[in-house]
Amino acid sequence: MAVGRPRRGAGAPAPSCRRPCRLPEGRAGAAMGRAAPLLLLVVVAAAAGRAGASGAGGPEVHSLRGSWRLGNGNGSVVLRGEVPGCVHTALHRRGLIQDPYYRFNDVMYRWISLDNWTYSRTFKTPFDVRKWQKLNLVFEGVDTVAQILINNITLGRTDNMFNRYSFDITSAIKEVNFVEVRFLSAISYAAEQSRCHKAYSIPPACPPPVQKGECHANFIRKEQCSFSWDWGPSFPTQGIWKDVRIEAYNHYHLIYFSLTSFFAKSARQWSLEIESIFDVVSSKPIAGLVTVDIPKLQTQQTFSVKLQPGEGSIVLLVNINKSSTVEAWWPNGHGKQTGYNMTTTFIMEAGYEIKKFSKAYFRTVELVQEPIPGSQGLSFYFRINGRPIFIKGSNWIPADSFQDRVTYDTLRLLLKSAADANMNALRVWGGGVYEQDEFYNICDELGIMIWQDFMFACALYPTDQNYLESVRAEVSHQVRRLKSHPSIILWSGNNENEAAIASNWFSIPYADREVYIKDYVMLYVKNIREIVLTEDKSRPFIASSPTNGLESVKEGWVSQNPYDTHYGDTHFYDYINDCWNWTVYPKTRFASEYGFQSWPSFSTIKKVSSTEDWSYTSNFSLHRQHHENGNDQMLQQIGHHFKLPQSTDPIKKFKDMIYLTQVMQAQCIKMETEFYRFSQSEIIKGEGHTMGALYWQLNDIWQAPSWASLEYGGKWKLLHYFAQNFFAPLLPVAYEDKGVLYIYGVSDLHVDHKLTLRVVVHTWSSLEPVCTLAKDGVTVKAQSAVPIYKESINDLLERCRNCTRKSCVITFCLVGEDGLQSPTNHHFLSSLKDAVGLEKSQLSASVSQQDDVYVFALQTTAVAPFVSLDVGSIKGRFSDNGFLMTEKKKVVLFYPWEPTSAEELEKSLTLTSLVDVV
């Protein structure tokens with residue numbers, strides 16, 4: 001893709017080959033963002049007259065959030081912009097541009113990212129400067145390349161979106177101050193950095209043309225997908241994307257506070273490691289006392305401590321009272337997420353008392369990689385609190401191209417939807433951002449385990465001194481910020497970069513390979529890994545995903561085949577072969593990425609398109625598809641089992657296509673996930689013991705075809721409803737092999753259960769079952785997958801008489817005592833395009849309200865496959881959707897996310913089943 005030289009606004013800093021260095025007073029990588037619900041900081045003034053205290057009170061903090069002046073390079077565009085925020089959202093809020101997501105605006109608005117913007121504001125110093133030994137201007141996040149000035153004095157430069165920057169303004173601050181953040185286009189900067197890296201190229205230079213993106217994202221420490229991805233647009237933002245404030249203090253100031261739990265098996269005792277990092281202004285060490293109090297666990301300890309000048313840190317080990325029963329933190333579906341209120345009080349000889357209120361969680365995590373009897377290679381699974389856990393979930397991408405639009409409510413809705421679909425884990429993918437504090441707090445609360453990538457993806461990266469220095473600051477900041485969260489169970493160095501070298505994605509001549517392997521080891525092993533192991537001894541680290549884990553380490557960190565099913569994790573995509581054929585799937589130790597695309601609902605697309613866009617082959621539909629041949633691949637996969645829509649009404653045809661892509665995606669990922677789940681307890685030809693299934697991907701960054709199960713805005717696709725079932729704690733799973741039907745009982749429950757397996761066969765043409773079989777006394781083992789039923793298809797069809805493969809369908813479920821029941825699963829005996837006897841059903845629904853929930857009473861006149869309920873843009877979700885309806889009546893609940901009414905729901909309802917597609 002030819003890239004024109006971006007114009008630079010007048011008066012903006014020109015990019016230079018030297019990475020903008022941070023001046024000595026600009027310290028990258030320090031304190032936490034605004035006090036999240038997890039940690040609350042209270043400063044109490046010490047008794048007056050304490051020796052050496054020049055300010056009786058604790059530190060003063062003055063926020064600079066709010067309205068700033070924003071202008072482009074040559075001053076032709078000037079407006080007010082909110083901080084935290086970015087240029088695009090400021091322009092949109094002021095009505096100067098349309099919604100950036102509307103139609104083709106991602107390309108129309110390239111000029112915004114090519115210009116150089118400046119944020120500025122004046123502020124009065126709200127306190128007496130003479131009282132304070134030190135004043136800092138602190139940025140929790142600057143996106144990305146900027147020069148920071150106060151009163152026309154340059155304080156330093158920023159070049160890493162993921163760092164915290166603290167600038168000493170003690171000698172520069174006045175009564176009235178003018179602060180400026182002069183941004184440089186991320187696109188220009190990345191291009192310049194790449195041009196300056198003269199020794200050898202660092203691929204990839206540019207994304208594939210279908211992504212309509214920008215080049216050299218790997219040369220800037222910025223959200224990599226902001227330069228485009230195969231599911232997202234290119235919006236390389238500029239802005240102050242996190243909190244900014246003035247901090248004034250004497251003696252010392254607490255910057256980081258973290259706690260991690262450990263369990264000593266021999267002593268059967270829990271302990272907490274509490275780390276506090278201070279900026280110590282005093283030239284001499286400061287002594288004092290720290291008291292840690294956890295009332296519910298009858299634990300209180302006091303320590304004598306000494307803070308050293310500079311960055312002084314205190315590490316305390318608190319042993320939990322053995323006579324107290326500690327309730328551990330468990331993943332969703334395995335127990336409670338108990339946290340204990342803890343108060344840490346610092347009373348130092350100089351200055352003031354600091355009280356820190358936090359939640360202490362207790363959980364252990366091990367990544368088990370050990371030999372498996374009957375198989376070459378090693379296992380790869382997680383043990384939480386000593387219990388092996390099958391990981392069920394998906395992959396998380398940024399929820400918006402503009403991070404200031406991602407609110408607590410946005411995160412809550414998406415993460416609650418993950419938990420509601422029986423997920424217990426998400427992988428925070430390495431091409432996005434380290435998520436905000438609220439994200440991890442919600443995961444702690446919901447029991448969602450986090451596989452945390454560092455932000456490097458699908459590329460090779462430079463390792464010059466400035467770059468490494470910036471990355472080291474980033475990693476230590478992020479680990480310090482995040483390590484208190486029990487939800488985080490793994491640090492992973494990058495996304496797919498070991499595979500990129502091993503599989504030679506970038507066509508590197510064999511003779512040059514060593515240079516890139518050396519860079520790889522330098523970045524992920526000698527820098528990132530070294531910092532992680534120093535900062536956090538409580539959880540495992542892997543260098544990449546996919547990886548062969550310990551085998552990759554043995555092979556010098558880049559294994560010959562990172563996709564080897566006998567080691568580590570795998571990523572697997574196959575859009576060509578029939579997804580109903582389970583034999584194409586890898587019987588891997590851990591499936592950390594796999595997926596199929598679909599289109600989002602018409603109601604979601606409608607918001608960002610116009611009438612002429614509403615066809616599968618419109619310019620808009622092609623423009624929105626960022627994956628090469630993606631729209632055709634969906635058609636091909638649908639064609640294996642379904643008839644393509646032929647309607648002469650173009651809008652009906654478009655809606656039918658959307659519906660079929662969602663049916664196909666849901667059914668494909670169901671088949672694949674069930675394969676991974678039933679492979680957990682067996683080794684066949686040396687493969688198996690699969691202990692994780694994280695499909696790609698959970699959420700969307702905009703309204704477009706993608707692999708997501710949740711649309712932009714949070715609406716559930718059919719896949720997400722299917723996930724609720726295929727991730728159920730108890731599930732019967734069927735597959736065919738050489739004409740024999742096998743049913744496995746899959747369980748995440750902690751005890752064995754004696755259950756009844758019900759197998760029902762229906763003809764497509766009748767709501768009356770042809771035959772029913774109940775097999776009693778079936779033992780489904782705790783946390784395993786065991787075969788519970790086997791019958792040849794021919795015997796089954798004979799037993800059920802009037803049945804052929806094309807005229808019948810099998811449904812089955814597990815039922816136990818005390819209301820224990822699995823979802824009803826299904827097994828198709830032929831492609832649905834070949835089904836005989838499918839009739840056009842009359843589907844109807846009546847809607848009534850019951851407390852906060854709406855009840856949809858459905859009726860059908862015939863067996864209806866893939867029944868979909870859609871209420872347009874009314875926000876909420878159903879209890880079930882996309883189901884096979886084999887009974888005359890079914891009740892489905894609707895949980896609204898905003899006020900609505902039965903009338904409104906009835907008016908908006910569209911009911912579709914497979915036979916409605918013509």
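Residues numbered from 1 in each chain as written. Predicted model: local features only at pLDDT ≥ 70, side-chain atom pairs only at ≥ 80, totals over all residues. Heavy atoms only, no water.

J.: Could you give me a rundown of the confidence of the model for the chain, with the residues and numbers involved?
T.: Confidence along the chain averages 93 in pLDDT terms, with 94% of residues attaining 70 or more. Within the chain, strand E27 (residues 449–453) carries the highest mean pLDDT (99), whereas strand E2 (residues 39–44) carries the lowest (38). Predicted confidence is poor over residues 1–55, with pLDDT under 50, and the contacts of this stretch with residues over four places away or in other chains come to 158 contacts. (pLDDT = per-residue confidence, 0-100. Helix = DSSP H or I, 4+ residues; strand = E, 2+ residues; numbered from the N terminus. Contact = heavy atoms within 4.5 Å.)

J.: Lay out the sheet that holds strand E8 (residues 146–150) with the relevant residues and their values.
T.: If you walk across this open sheet you meet the six strands as E5-E4-E6-E11-E8-E9, and the pairing is antiparallel. On the outer flanks of this sheet lie strand E5 (78–83) and strand E9 (153–158), each paired with one strand and no other. Neighbour-to-neighbour, the strand axes of this sheet turn through a mean angle of 25°, independent of strand direction. Bridge count between strand E4 (residues 66–71) and strand E6 (residues 118–124): three bridges; the pairing is antiparallel. Across the sheet, the residue bridging to Leu70 is Tyr119, located in E6. (Pairing = 2+ DSSP bridges. Axes fitted to C-alpha atoms, helices over the stretch in contact; angles between N-to-C directions.)

J.: Go over the packing of aromatic side chains with me, naming the residues and quoting the values.
T.: Scanning the model with the defined rule gives 66 aromatic pairs in all. Ring centres of Trp505 and Phe506 lie 6.4 Å apart, and the angle between their planes is 80°; this geometry places the pair in the edge-to-face category. When its relative accessible area of 34% is taken as the criterion, Trp505 is described as partly exposed. Here Phe722 and Phe866 contribute two aromatic rings whose centre-to-centre distance is 6.4 Å and whose plane-to-plane angle is 15°, an arrangement assigned as stacked. With Phe722 in helix H15 (residues 718–726) and Phe866 in strand E44 (residues 864–870), the pair connects residues that are 144 residues apart, well separated along the chain. Assigned by exposure class, Phe722 and Phe866 land together as buried. Cluster of aromatic residues (ring-pair linked, three or more members): Phe572, Trp582, Tyr585, Tyr594, Phe675, Tyr676, Phe678, Tyr735, Tyr742 and Tyr744. Sitting above the plane of the Trp241 ring, Lys242 keeps its charged end 4.8 Å from the centroid. It is Arg405 that lies over the ring of Tyr101; its NZ or CZ is 5.0 Å from the centre. (Phe/Tyr/Trp six-rings, centres within 6.5 Å; stacked < 30°, edge-to-face > 60°. Buried < 20%, exposed > 50% of the residue type's maximum accessible area, 1.4 Å probe, protein only. Lys NZ or Arg CZ within 6 Å of the ring centre and 35° of its normal.)

J.: Now, about the pattern of salt bridges: what can you tell me, with residues and values included?
T.: Scanning the model with the defined rule gives 43 salt bridges in all. With a closest N to O distance of 2.4 Å, Glu192 and Arg195 form a salt bridge. Residue Glu192 and its partner Arg195 are both found in helix H4 (residues 186–196); the two are separated by three residues, about one turn of the helix. A salt bridge links Glu682 to Lys587; its shortest N-O distance comes to 3.0 Å. (Salt bridge = Lys/Arg side-chain N within 4 Å of Asp/Glu carboxyl O.)

J.: Go over the side chain of Ser610, please, and point to the residues and values.
T.: Checked against the element boundaries, Ser610 lands in the loop between helix H11 (602–606) and helix H12 (619–624). Residue Ser610 is classed as buried on the basis of its relative accessible area, which comes to 16%. At 2.8 Å, the side chain of Ser610 and the side chain of Glu612 are in polar contact. (Polar contact = N/O pair within 3.5 Å; in protein donor to acceptor, adjacent residues only side chain to side chain.)

J.: I'd like a rundown of a positive patch on the surface, residues and numbers included.
T.: Taken together, the side chains of Arg69, Arg80, Arg93 and Arg94 make up a positively charged region of the molecular surface. Inspection of the secondary structure puts Arg80 in strand E5. A relative accessible area of 39% places Arg80 in the partly exposed class. (Patch = residues over 30% accessible without salt bridge, like charges linked within 9 Å, V, L, I, M, F, W, Y side chains within 5 Å. Areas by Shrake-Rupley, 256 points an atom, 1.4 Å probe, with all protein chains shown as cover. Lys, Arg positive; Asp, Glu negative; His and termini not counted. Charge placed at Lys NZ, Arg CZ, Asp CG, Glu CD.)

J.: Mind laying out the packing of helix H14 (residues 650–678) against H15, listing which residues take part and the relevant values?
T.: Where H14 meets H15, the closest approach of the two axes is 8 Å, and the angle between their N-to-C directions is 25°. The orientation of H14 relative to H15 falls into the category roughly parallel. As H14 runs across H15, the sense of the crossing is right-handed. Residues Tyr659, Gln662, Val663, Gln665, Ala666, Gln667, Ile669, Lys670, Thr673, Glu674 and Arg677 of H14 form the contact with H15, whose participating residues are Leu718, Leu719, Phe722 and Phe726. Considering only residue class, the contact of H14 with H15 consists of eight nonpolar, four polar and three charged. (Parallel < 35°, antiparallel > 145°, perpendicular 65-115°, else oblique. Left-handed = near helix turned anticlockwise from the far one by under 90°. Nonpolar A, V, L, I, M, F, W, Y, C, P; charged D, E, K, R; others polar.)

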